[in-house]
Amino acid sequence: MDNLKKYNNAFIETFEITEDQLAGLKYQDIAAWDSVGHMGLIAALEDAFDIMMDTDDIIDLSSYEKGKEILAKDEYGVEF
Amino acid sequence: MAVTGTLEGRYVDLKSCTEDDAEFTRDIRKDPEFVKYLPAIDNTLEQQKAWIRCQREKSGDYFFVVWDKEGKRIGTISIYGVDGDHAESGRLAIKGSNPFQALEAQILAFRFAYGALGLECIDAFIYADNERAIRFNKQFAGKHYPPETDENGRKIIKIENWRKDFETVDKKLSSILYREKKKRSK
């Protein structure tokens with residue numbers, strides 16, 4: 001499975017949403033992406049990419065697009 | 001009962017409510033996000049100040065204002081009704097800008113309750129349709145009882161949070177909230 005698919009699946013499975021809801025999705029836009037959902041999303045991303053995210057990055061991951069930027073950083077090395 | 005000093009965290013601080021917080025504590029309870037699930041406050045600013053003066057003297061009642069690290073009030077949280085080694089938690093209303101603030105506020109309140117107060121169990125009562133609060137509370141490994149109907153005909157869920165269970169949860173959540181170093185394993 002390519003990285004974009006893995007990334008999308010983390011959102012889709014954590015928040016029980018569909019792929020067409022991903023673009024532009026932001027923290028607290030939907031009920032499922034609250035503080036609890038955020039922790040679930042981080043766990044799903046860490047599991048999918050076998051990484052451990054820094055707390056600043058966990059907090060900064062405030063949108064679907066921002067998450068891709070963060071994971072693409074050298075520390076995590078995820079290529080989309 | 002007022003607590004001297006600040007319960008300090010990395011993302012938020014808890015400070016005992018003072019009369020200076022009267023307007024904020026009134027306003028947040030009128031916020032549409034909370035008004036559906038918390039008892040409404042219908043009083044004047046002076047009445048709210050009087051209530052806070054009483055609360056600060058009331059034994060076994062701890063009411064904190066949650067402050068972010070920029071010095072802005074973002075919510076309230078409370079431990080009250082202390083009876084032996086039991087108490088209730090409530091008055092939880094936090095409008096955090098990042099996902100760690102509400103979590104840490106609850107952690108700080110539980111640490112205060114189980115540590116400084118030496119409590120063993122803290123009960124919470126949440127309306128059964130308040131799915132967000134129920135999801136939030138589930139992170140703290142409390143025991144959730146089936147809904148019962150309150151005097152107003154609303155379904156309400158009792159949650160027991162035991163000190164022993166919290167200690168495990170505290171370690172788990174702290175391992176995420178207080179990570180220091182980036183580590184790439186592959």
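Just so we're clear, the structure is a prediction, and the values are computed from it rather than from any experiment.

A.B. asks: How would you summarise the overall build of chain A if you had to cite specific residues and measurements?
C.D. replies: When helices and strands are counted, chain A shows 4 helices and 1 strand. Element order for chain A, N to C, with α for helix and β for strand: α-α-β-α-α. For 80 residues, the compact-globule formula gives about 12 Å, and the C-alpha radius of gyration of chain A, at 11 Å, lands near that figure. For chain A, the spread of C-alpha atoms along the principal axes amounts to about 30 × 25 × 20 Å. When each of the 80 residues of chain A is scored for burial, the buried share is 48%. A sequence separation of at least 24 residues applies to 45% of the contacts in chain A between residues at least 6 apart. Of the roughly 3,800 Å² of accessible surface on chain A, a fraction of 46% belongs to carbon and sulfur atoms.

A.B. asks: Now, about the state of the cysteines: what can you tell me, with residues and values included?
C.D. replies: Residue and element names in this part refer to chain B. Scanning the entire structure with this criterion turns up 0 disulfides over all chains. In this structure C17 is not part of a disulfide, and its nearest cysteine sulfur, from C54, lies 12 Å away. Taking the relative accessible area as the measure of exposure, C17 reaches 0% and is therefore buried.

A.B. asks: Quick rundown of the interface of chain A and chain B? Include the residues and the values.
C.D. replies: With 24 residues of chain A in contact, the opposing surface of chain B contributes 23 residues. Both faces combined, the contact of chain A with chain B buries some 2,100 Å², and carbon together with sulfur accounts for 57% of it. On inspection of chain A and its partner chain B, the count reaches 2 salt bridges. For A:E46, the salt bridge identified is with B:R179, shortest N-O distance 2.4 Å. Put simply, chain A and chain B have 4 residue pairs in polar contact (both at pLDDT 80 or more) between them. Sorting the residues of the side of chain A that touches chain B by element identifies α2 (35-49) and α3 (55-60) of chain A as the ones contributing at least two each. The greatest single-element share of the side of chain A that touches chain B, amounting to 7 residues, is contributed by α2(A).

A.B. asks: With reference to specific residues and values, describe the environment of A:A43.
C.D. replies: You can see A:A43 is positioned in helix α2. Once the C-alpha coordinates of A:A43 and A:D56 are considered, the two residues, 13 residues apart in sequence, prove to be 15 Å apart.

A.B. asks: Which residues make up unusual backbone geometry, and what are the values?
C.D. replies: Residue B:R91 is not a glycine yet carries a positive backbone phi of 50 degrees. With respect to the helices, strands and loops of the structure, B:R91 is situated in strand β5 (residues 86-94).

A.B. asks: If you had to explain the packing of aromatic side chains to someone new, which residues and values would you point to?
C.D. replies: Residues and elements named next belong to chain B. Scanning all chains against the criterion turns up 18 aromatic pairs over all chains. Residues Y62 and F112 carry aromatic rings whose centres are separated by 5.1 Å and whose planes lie at 70 degrees to one another, so their mutual orientation is edge-to-face. Residue Y62 is found in strand β3 (residues 62-68), and its partner F112 is found in helix α4 (residues 99-116); the two are separated by 50 residues along the sequence. Of the two residues, Y62 and F112, both sit in the buried class.

A.B. asks: Give me the pairing of strand β2 (residues 12-16) of chain B: which residues, what numbers.
C.D. replies: Successive residues of a regular strand alternate their side chains across the two faces of the sheet. Residue and element names in this part refer to chain B. Most of β2 is tucked away: 4 of the 5 residues are buried. Pairing geometry for strand β1 (residues 6-8) and β2, over 3 bridges, is antiparallel. Its bridge partner being in β2, L7 is matched across the sheet by L14. Where β1 folds back onto β2 in an antiparallel hairpin, the turn is made up of 3 residues. Across 5 bridges, β2 lies against β3 in antiparallel orientation. Looking at the pairing, K15 lines up with V65 of β3.

A.B. asks: Before we move on, could you go through the packing of helix α1 (residues 3-15) of chain A against helix α4 (residues 64-71) of chain A and cite the residues and values that matter?
C.D. replies: All names here are of chain A. Look at α1 against α4: their axes get within 12 Å of each other, and the N-to-C directions meet at 135 degrees. Accordingly, the angle class assigned to the pair α1 and α4 is oblique. Pair α1 / α4 crosses with right-handed handedness. Here α1 contributes L4, Y7, N8 and F11 to the contact with α4, which in turn contributes Y64, G67, K68 and L71. Its residues assigned to classes, the contact of α1 with α4 shows 5 nonpolar, 2 polar and 1 charged.

The rules behind each value
- Residues numbered from 1 in each chain as written.
- Chains lettered and ligands numbered in written order.
- Predicted model: local features only at pLDDT ≥ 70, side-chain atom pairs only at ≥ 80, totals over all residues.
- Heavy atoms only, no water.
- Helix = DSSP H or I, 4+ residues; strand = E, 2+ residues; numbered from the N terminus.
- Rg over C-alpha atoms; globule rule 2.2 N^0.38 Å.
- Buried < 20%, exposed > 50% of the residue type's maximum accessible area, 1.4 Å probe, protein only.
- Contact = heavy atoms within 4.5 Å.
- Areas by Shrake-Rupley, 256 points an atom, 1.4 Å probe, with all protein chains shown as cover.
- Disulfide = S-S within 2.5 Å.
- Buried area = accessible area lost by both parts, 1.4 Å probe.
- Salt bridge = Lys/Arg side-chain N within 4 Å of Asp/Glu carboxyl O.
- Polar contact = N/O pair within 3.5 Å; in protein donor to acceptor, adjacent residues only side chain to side chain.
- Phe/Tyr/Trp six-rings, centres within 6.5 Å; stacked < 30°, edge-to-face > 60°.
- Pairing = 2+ DSSP bridges.
- Axes fitted to C-alpha atoms, helices over the stretch in contact; angles between N-to-C directions.
- Parallel < 35°, antiparallel > 145°, perpendicular 65-115°, else oblique.
- Left-handed = near helix turned anticlockwise from the far one by under 90°.
- Nonpolar A, V, L, I, M, F, W, Y, C, P; charged D, E, K, R; others polar.

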